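These are the residues of each chain, in order.
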Amino acid sequence: MKLGVNIDHIAVLREARKINDPDPVEALGIVKRAGADQITIHLREDRRHIHDEDAKRIVEQSSLPVNLECSIDKDIIEIICDLKPHRATLVPERREEVTTEGGLDIISYADRTQEAIEKLHKNEIEVSLFIDPDIEIIKQASNMKVEWIELHTGTYANIYAMLYSNLSHTHHSIKELELSRRELHTKLQESIKLLKDAADYAKSLGLKVAAGHGLNYQNVESIVEIESIEELNIGQSIIARSVFTGLEAAVREMKDILR
Ligand SMILES: CC(=O)[C@@H](O)[C@H](O)COP(=O)(O)O
Ligand SMILES: NCC(=O)COP(=O)(O)O
């Protein structure tokens with residue numbers, strides 16, 4: 001299974017002091033040497049971490065394929081078309097969100113999404129749609145003639161965290177998941193089945209299937225077992241581990257799990 005390393009959070013650390021260190025570009029060679037298959041970055045409308053200059057330098061200097069996540073905003077799509085990364089992954093964005101909260105609603109925003117897809121394809125950029133594991137949405141994605149979908153694994157990751165970590169004892173507890181352990185365990189199994197059924201269906205339609213959001217060294221095992229998924233994009237947990245082990249070791253450890 002291929003690994004895309006999302007390096008947004010290196011830029012989060014830089015933006016904490018609004019200086020030029022750490023530089024996300026320095027991660028490119030380290031991530032490649034560690035065995036990753038792709039660099040993923042998210043050029044957000046609010047530029048809270050990755051800035052336009054970062055994206056330009058990363059696309060120009062990365063010797064790994066670059067998967068650039070972005071919203072369907074017309075101005076952002078123009079920027080992506082100028083940058084020409086290998087792939088653009090269309091994701092939803094809400095200014096006040098802490099992080100991505102779900103998949104892109106390609107049914108309600110079908111016209112604007114299709115317009116973005118066509119512009120990106122005209123610029124020879126592969127397109128992935130970051131969507132929830134929902135059969136009707138996958139059918140819509142297939143009709144939009146994209147090469148990839150990326151299944152949102154955030155719900156699965158949140159349930160896993162409430163069940164198997166101390167998250168419920170912290171101020172970050174995910175309130176809507178304050179269920180009993182028995183209920184959480186049932187929901188976890190349901191979320192894994194949902195992801196597997198969605199991946200199998202998408203693959204049967206000829207889509208290439210990626211997955212991501214909230215995956216870490218503990219919860220990734222069950223996702224690796226889904227054979228229809230060929231790529232995972234993982235960021236926050238790898239950068240978090242790299243604080244203690246170094247980036248090359250953190251990436252290598254994750255790649256070893258995905259093999
Ligand atoms: C779409 C997704 O799940 C992530 O790739 C995205 O990058 C999350 O946004 P932040 O990196 O800004 O948290
Ligand atoms: N699309 C998922 C991604 O790139 C990384 O998400 P996360 O691991 O930072 O939650």
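Residues numbered from 1 in each chain as written. Chains lettered and ligands numbered in written order. Predicted model: local features only at pLDDT ≥ 70, side-chain atom pairs only at ≥ 80, totals over all residues. Heavy atoms only, no water.

As recorded in an unreviewed UniProt entry, the chain goes by Pyridoxine 5'-phosphate synthase and comes from Hydrogenimonas thermophila. The record held by UniProt for the chain lists under Subunit (unreviewed entry) the comment "Homooctamer; tetramer of dimers." (UniProt positions renumbered as here; feature names shortened; annotations may be inferred.)

Observations regarding the site of ligand 2
Taken together, the neighbourhood of ligand 2 is formed by Asn6, Thr40, Glu69, Phe130, Glu150, Gly212, His213, Gly214, Asn233, Ile234, Gly235 and Gln236. Between Gln236 and ligand 2, the recorded distance is 2.9 Å, taken from a backbone N or O atom to an oxygen atom. Burial of ligand 2 by the surrounding chains reaches 92%, relative to a free accessible area of 310 Å². In a pocket analysis with a 2 Å cut-off to the grid points, ligand 2 is assigned to the largest pocket. Class assignment of the residues belonging to the shell around ligand 2 gives a composition of two nonpolar, eight polar and two charged. (Near = heavy atom within 4 Å. Polar contact = N/O pair within 3.5 Å; in protein donor to acceptor, adjacent residues only side chain to side chain. Areas by Shrake-Rupley, 256 points an atom, 1.4 Å probe, with all protein chains shown as cover. 1 Å grid on protein atoms, 1.4 Å probe; cavity = no way out; pocket = protein on both sides within 12 Å on 5 of 7 lines; lining within 4 Å. Sits in = over half its atoms within 2 Å of the grid points. Nonpolar A, V, L, I, M, F, W, Y, C, P; charged D, E, K, R; others polar.)

Things to note about the site of ligand 1
Within the structure, ligand 1 sits among Asn6, Asp8, His9, His42, Arg44, His49, Glu69, Val91, Thr99, Thr100, Phe130 and His213. The contact in question runs from an oxygen atom of ligand 1 to an N or O atom on the side chain of Asp8, over 2.6 Å. Within the side chain of Glu69, a nitrogen or oxygen atom sits 2.6 Å from an oxygen atom of ligand 1. For ligand 1, whose unbound accessible area comes to 350 Å², protein coverage reaches 92%. Given that more than half its atoms are within 2 Å of the pocket grid, ligand 1 belongs to the largest pocket. Among the residues forming the shell around ligand 1, the class breakdown is two nonpolar, seven polar and three charged.

Observations concerning the side chain of Gln38
Looking at where Gln38 falls in the secondary structure, it is placed in strand β2 (residues 38-42). Relative accessible area serves as the criterion here: at 5%, Gln38 is assigned to the buried category. Within the structure, the side chain of Gln38 is placed 3.4 Å from the side chain of Thr40, a separation counted as a polar contact. Not counting residues within four places of it along the chain, the set of residues in contact with Gln38 comprises Leu3, Gly4, Val5, Leu64, Pro65, Asn67, Arg87, Glu231 and Asn233. (Helix = DSSP H or I, 4+ residues; strand = E, 2+ residues; numbered from the N terminus. Buried < 20%, exposed > 50% of the residue type's maximum accessible area, 1.4 Å probe, protein only. Contact = heavy atoms within 4.5 Å.)

Some remarks on the layout of surface pockets
Taken as a whole, the largest pocket encloses approximately 1,500 Å³ of empty space. Along the walls of the largest pocket sit 46 residues, with Thr99, Asn158, His213, Gly214 and Gln236 positioned nearest its centre. Every element with two or more residues in the lining of the largest pocket is listed here: α1 (8-15), β6 (148-152), α7 (154-164), β8 (231-234) and α10 (236-245). With six residues, α7 is the largest single contributor of residues to the lining of the largest pocket. When its residues are assigned to classes, the lining of the largest pocket shows 14 nonpolar, 24 polar and eight charged. In this model, the second largest pocket occupies a volume close to 310 Å³. Of all elements in the fold, only α1, α2 (27-33) and α10 reach the threshold of two or more residues within the lining of the second largest pocket. Looking at the lining of the second largest pocket, the element that brings in the most residues is α10, giving five residues. Here the lining of the second largest pocket is built from residues that sort into 10 nonpolar, four polar and two charged. (Points joined across faces, edges and corners; volume = space filled by probe spheres on them.)

Some thoughts on the sheet that holds β2
Pairing is parallel in the closed barrel, where eight strands are placed in the order β1-β2-β3-β4-β5-β6-β7-β8. When strand polarity is set aside, the average angle formed by the axes of neighbouring strands in this sheet is 25°. In the packing of helix α8 (residues 181-204) onto the sheet, the strands contacted are β6 and β7 (208-212), and the crossing angle to β6 comes to about 175°. (Pairing = 2+ DSSP bridges. Axes fitted to C-alpha atoms, helices over the stretch in contact; angles between N-to-C directions.)

So, the environment of Thr100
One can find Thr100 in the loop between β4 (87-90) and α5 (110-122). Judged by relative accessible area, which is 10%, Thr100 ranks as buried. Setting aside residues up to four positions removed in sequence, Thr100 forms contacts with His42, Arg44, Pro92, Phe130, His152 and His213.

Remarks on the side chain of Asn233
Inspection of the secondary structure puts Asn233 in strand β8. Under the relative-accessibility criterion, Asn233 is labelled buried at 6%. For Asn233, the side chain forms a polar contact with the side chain of Gln38, separated by 2.9 Å. Only 3.1 Å separates the side chain of Asn233 from the side chain of Glu150, close enough to count as a polar contact.

Brief notes about the packing of α7 against α8
With their axes 9 Å apart at the nearest point, α7 and α8 run at an angle of 150° to one another. With respect to their mutual orientation, α7 and α8 come out roughly antiparallel. Pair α7 / α8 crosses with left-handed handedness. Mapping the contact onto sequence places Tyr156, Ile159, Tyr160, Met162, Leu163 and Tyr164 in α7 and Arg181, Leu184, His185, Lys187, Leu188, Ser191, Ile192 and Leu195 in α8. (Parallel < 35°, antiparallel > 145°, perpendicular 65-115°, else oblique. Left-handed = near helix turned anticlockwise from the far one by under 90°.)

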